[in-house]
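Listed below, chain by chain, are the residues.
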Amino acid sequence: MNQQPHWFSETIKHAVLLIGAAVVILPFYLMLSFSFKSPSEIQSISGGFFGSQELMTDRRCIKQGLPEEECTMLPIVYNYKAAFEEAPLFRYLLNGVIVTISIFAIQILIALPCAYALAKLQFWGRDVVFGMVIFCLLIPVHAIALPLYLMLAKLGLTNTFAALVIPWTISVFGIFLMRQFFKTVPDDLINAARMDGMSEFSIVWKVMLPTAIPALLAFAIFSVVAHWNDYYWPRVVITGDRDLMTPPLGLRMFKSDMDGNEYGPMMAAATVIVAPLVVAFLLAQRRFIEGITLTGMK
Amino acid sequence: MKYSSYKKMFSASLTYVIIVVPVSVLLGLGAALLISSLRFGGEIYKTIFFLPVMATLLAMAIVWEFTLDPIVGLVNKLLSEGCSVTWFHHLFTGSWLGFNPADSWYGNACMDRMPNWLGNKKYALGAISFIGIWQAFGFNMVLYLAGLTAVPRDLYSAAEMDGAKSPWESFKLVTWPMLGPTHVFVVTITSIRSFQVFDTVEVLTKGGPSKSTYMMVYAMFEKGVKQNLVGVGSTLTVIFLVFVLILTLTQVYFVNRRVHYS
C-alpha cells in the first residue's frame, strides 16, 4: 500500500510475534525440558534443554532393597519410569480414553436421531422442542453441576464411570449442530430412501450419517478435547478412587502427594497427558481449529 | 457464607474478568492483525498461539506454578539475575530517567527479594489472570482471523480514496467497524469463560491467599461439593447463572441491534 521498505515493517512484526511466541511456548518448553532432567538440574535450572543426562540413583529403589546397578539410570528414564509407576499413569490414560470415547459414542447415538427428527420430520411440538434445545445451549455447564452432582449422589453413582459419562451423553450442542447440518440435506434423498423401504432409523444411520461426516468430525474433536482436558467435573464426582481418575485429576493427585523433589516425574506425567492432543493438533491443525472454535457457539 | 466472603468473591471474579477480557481480546486482535499482514510465516505463529487452547489447562497450570515459584522458579531467577545487569536494572528501575532505584517496584524487589507470585495476596490474582490470558488469547486470535478474512478488500481502496492514508486510519475506518460481529462474539465468549475459571484456582491457590482469588465457580465447588453446604452452593450457582445470562442477553441485544453491516 505505501512505499516504505516492506522488509522493515515485516521485521518489526516478526520481532513482536516472536516475543509473544516465546512467552506462549515457555511452559511447554520447560515441561518437556524438566521431564528430561535430574532433580538437581531442575533446582538450579541448568543443563540446557536436554540436561547432561548423568546417571543417577533412585533412592526409593535402593530402599526396596534392590541392587545398586538396577537402581542407577538416566534422569529421563527415571522421570518417565516414576511417572508410570508412582502414579498409575497408565490407568489414568486408559480411563481418559474410556471416558472420552464412551461420551462421544453415546452423544452421537442420541444426537443424530434427535437432529434428524428436528430437521426433517413433521410432528406436533417440534418448534417448541427445538426452542428448548436453543435455550439449553445458553446454560453453562457449571450452573447445573451442583444439581447434577446431588442427583448422582442420591442414586449412589458418585465414584463410578457412569458419573463421569452420563451427564454429558445428551449434548444439546451436538443436536443443534447436526440439526443445522441435516437441514441442508435435500429432502429428495430421504424420500428416495423411504421409497426403497428403509425405516426412519436406518435412514439416520445409512443415509444421513455418511453425509454428515465433516460436521461429525468437527464435533468429535470438540467433544474429545473438551472431555480429555476437563478437570472440573471429574473433580466433583470422583473422590479418592484412583482407578476411576481421568488424566487431569490423576495429575492433580500426583501433585498433592509428591514429596517436594519429584518435579521431574511430575513433568513427565504432564507431558504424557498433554502430548496426545498436542500431537494430534499439530498433525491436523485446520480440523482442530475448526472443531474447537465450534465451541464459540456454546 | 459470611458477607465479607461474598464481597471478596465478587471482587475477585469481577477483577479477573475485567483484567482477562480486554487484555486477551486485544492481544487476540493484535496477533490476528499482525499475522494476517505477514508475507510468510503466519501459519507458524497461528499454530503456536493456539497451543495453549488445546493443551490440558491443569497440566499447564502446574508448569506455570513451577515457573512462578519464588525460589526455584524461572521468572524470579531471571528477574534477580536482571538486577546485576546494569542496563536492565536501569531500564526497569527508571534510574536512566534520574529516578531513585529504591522508589521503583523493581529496584525494591532487587534489594529485598523477588515476589512470591502465587502466595502473596497482592500478586496472586494477577498471576492467575496472566495464566488465563495466556490460555485464552489464541482462541480469540483464531476468531479474529476468521473475521478478518470476511472484510471485503475493496473497502480498503475505497477508504484510501477517501483520504485514509496511514494503516492506522484504514484500521479505524474499515477494519475495526467491519469486525463488529466478531467483537461482540469474542467479548461475550471470553467473559463467560472467564467467569467459569476453576482449574487454575483450584490447583494453584485454592481461593487464597486471604480469599484474593476466591472466584465464583471455585466458591460453588468449595461450598456445594467439598463442604456439602448445598444451600450456599445453590445460592452461588443462581448468582453465577444470573451473571452468565446477563452476558448472553447483552450479546443477543447487540447482535440484533446494529453490529451487522450486511
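Predicted model only: the values in this text are computed from it and were never measured. (Residues numbered from 1 in each chain as written. Chains lettered and ligands numbered in written order. Predicted model: local features only at pLDDT ≥ 70, side-chain atom pairs only at ≥ 80, totals over all residues.)

**Student:** Explain the overall build of chain A to me, please; I cannot follow it from the model alone.
**Tutor:** Scanning chain A from N- to C-terminus turns up 17 helices and two strands. Rg of the C-alpha trace for chain A: 25 Å, well past the compact-globule value of 19 Å for 298 residues, more than 25% over. Taken along its principal axes, the extent of the C-alpha atoms in chain A is 75 × 70 × 35 Å. Counting across all 298 residues of chain A, residues that qualify as buried make up 36%. Of the contacts formed within chain A by residues at least 6 apart in sequence, a portion of 70% connects residues at least 24 apart. (Helix = DSSP H or I, 4+ residues; strand = E, 2+ residues; numbered from the N terminus. Rg over C-alpha atoms; globule rule 2.2 N^0.38 Å. Buried ≥ 20, exposed ≤ 12 C-beta atoms within 10 Å, placed from the backbone. Contact = placed C-beta atoms within 7 Å.)

**Student:** What exactly am I supposed to notice about the overall build of chain B here?
**Tutor:** Tallying secondary structure elements over chain B gives 13 helices and zero strands in all. Reading the secondary structure of chain B in the N-to-C direction produces α-α-α-α-α-α-α-α-α-α-α-α-α. When its C-alpha atoms are laid out on the principal axes, chain B stretches across 60 × 55 × 30 Å. For chain B, the residues scored as buried account for 42% of the 262 residues in total. A sequence separation of at least 24 residues applies to 67% of the contacts in chain B between residues at least 6 apart.

**Student:** Explain the packing of helix α15 (residues 247–256) of chain A against helix α3 (residues 57–67) of chain B to me, please; I cannot follow it from the model alone.
**Tutor:** Between two packed helices, what matters for the description is the angle formed by their axes and the separation of those axes. Axis separation between α15 of chain A and α3 of chain B bottoms out at 9 Å; the angle between their running directions is 30°. In terms of their interaxial angle, α15 of chain A and α3 of chain B are classed as roughly parallel. Between α15 of chain A and α3 of chain B, the residues in contact are Pro248, Leu251, Arg252 and Lys255 of chain A and Leu58, Ala59 and Ile62 of chain B, respectively. Classifying every residue of the contact of α15 of chain A with α3 of chain B by side-chain character gives five nonpolar, no polar and two charged. (Axes fitted to C-alpha atoms, helices over the stretch in contact; angles between N-to-C directions. Parallel < 35°, antiparallel > 145°, perpendicular 65-115°, else oblique. Nonpolar A, V, L, I, M, F, W, Y, C, P; charged D, E, K, R; others polar.)

**Student:** I would appreciate a short explanation of the interface of chain A and chain B in the present structure.
**Tutor:** Size of an interface, as often reported, equals the accessible area lost when the parts are brought together. Facing the 46 residues of chain A at the interface are 53 residues of chain B. Top element by residues in the side of chain A that touches chain B is helix α1 (residues 6–34) of chain A. It accounts for 13 residues. Here the side of chain A that touches chain B is composed, by residue class, of 33 nonpolar, eight polar and five charged.

**Student:** Any chance you could explain the nonpolar core here in plain terms?
**Tutor:** Here is a general trend for soluble globular proteins: nonpolar side chains tend to be buried in one another's company. The biggest cluster of nonpolar side chains holds 141 residues, and the ones touching the most others in it are Ala115, Ala269 and Ala270 of chain A together with Ala59 and Met215 of chain B. A total of 14 residues in this core trace back to one element, the largest contributor, which is helix α7 (residues 124–149) of chain B. With residues up to four places along the chain from it excluded, the contact list for alanine 59 of chain B reads Pro248, Leu251, Ala270, Ile273 and Val274 of chain A. (Core = buried A, V, L, I, M, F, W, Y, C linked by C-beta atoms within 7 Å.)

**Student:** Teacher, can you tell me more about the packing of helix α8 (residues 154–161) of chain B against helix α9 (residues 167–178) of chain B here?
**Tutor:** Residue and element names in this part refer to chain B. Their axes nearest at 9 Å, the elements α8 and α9 cross at an angle of 145°. Seen from above, α8 lies across α9 with right-handed handedness. Here α8 contributes Leu155, Tyr156, Ala159 and Glu160 to the contact with α9, which in turn contributes Ser170, Leu173, Val174 and Met178. Residue classes in the contact of α8 with α9 are distributed as six nonpolar, one polar and one charged. (Left-handed = near helix turned anticlockwise from the far one by under 90°.)

**Student:** Mind showing me how you'd approach helix α12 (residues 216–226) of chain B here?
**Tutor:** Each full turn of the α-helix corresponds to 3.6 residues, which orients residues three or four apart in the same direction. All names here are of chain B. Counted residue by residue, α12 has ten buried out of eleven residues, so it is predominantly covered. Along α12, the residues classified as buried are Met216, Val217, Tyr218, Ala219, Met220, Phe221, Glu222, Lys223, Gly224 and Val225. At the C-terminal side of α12, asparagine 228 shows a positive phi close to 60°.

**Student:** Sorry, what's going on with the environment of tyrosine 232 of chain A here?
**Tutor:** Residues and elements named next belong to chain A. Assignment of secondary structure puts tyrosine 232 in helix α14 (residues 232–237). For tyrosine 232, a count of 21 C-beta atoms within 10 Å puts it in the buried group. A sequence separation of 125 residues divides tyrosine 232 from glutamine 107, and the C-alpha atoms of the two residues are 20 Å apart.

**Student:** I'm lost on the environment of arginine 252 of chain A in this one. Help?
**Tutor:** All names here are of chain A. By the secondary structure assignment, arginine 252 is in helix α15. Accessibility expressed as a C-beta count within 10 Å gives 20 for arginine 252, which makes it buried. Residues arginine 252 and isoleucine 76 lie 176 residues apart in sequence; the distance between their C-alpha atoms is 21 Å.

**Student:** What should I look at first to understand the confidence of the model for chain A in this one?
**Tutor:** The predicted coordinates ought not to be read in detail in places where the model reports low pLDDT. Residues with a pLDDT of 70 or more make up 94% of chain A, whose mean pLDDT is 84. Confidence, expressed as mean pLDDT per element, reaches its minimum in chain A at helix α3 (residues 59–63) of chain A with 69 and its maximum at helix α6 (residues 89–120) of chain A with 92. (pLDDT = per-residue confidence, 0-100.)

**Student:** When you look at unusual backbone geometry in this model, what are you seeing that I'm missing?
**Tutor:** Most peptide bonds adopt trans geometry, and most residues besides glycine take a negative phi value. All names here are of chain B. Backbone geometry at serine 210 places phi at a positive 40°, although glycine is not the residue there. If you check the backbone angles, asparagine 228 has positive phi at about 60° while not being a glycine. Structurally, the position occupied by asparagine 228 is in the loop between α12 and α13 (230–257). For asparagine 228, a count of 11 C-beta atoms within 10 Å corresponds to the exposed category.

**Student:** I would appreciate a short explanation of the environment of serine 234 of chain B in the present structure.
**Tutor:** Mapped onto the elements of the fold, serine 234 of chain B is located in helix α13. Serine 234 of chain B sits in the partly exposed class, given 16 other C-beta atoms within 10 Å. Beyond its immediate chain neighbours, meaning those up to four positions away, serine 234 of chain B contacts Leu146 of chain A together with Gly224 of chain B.

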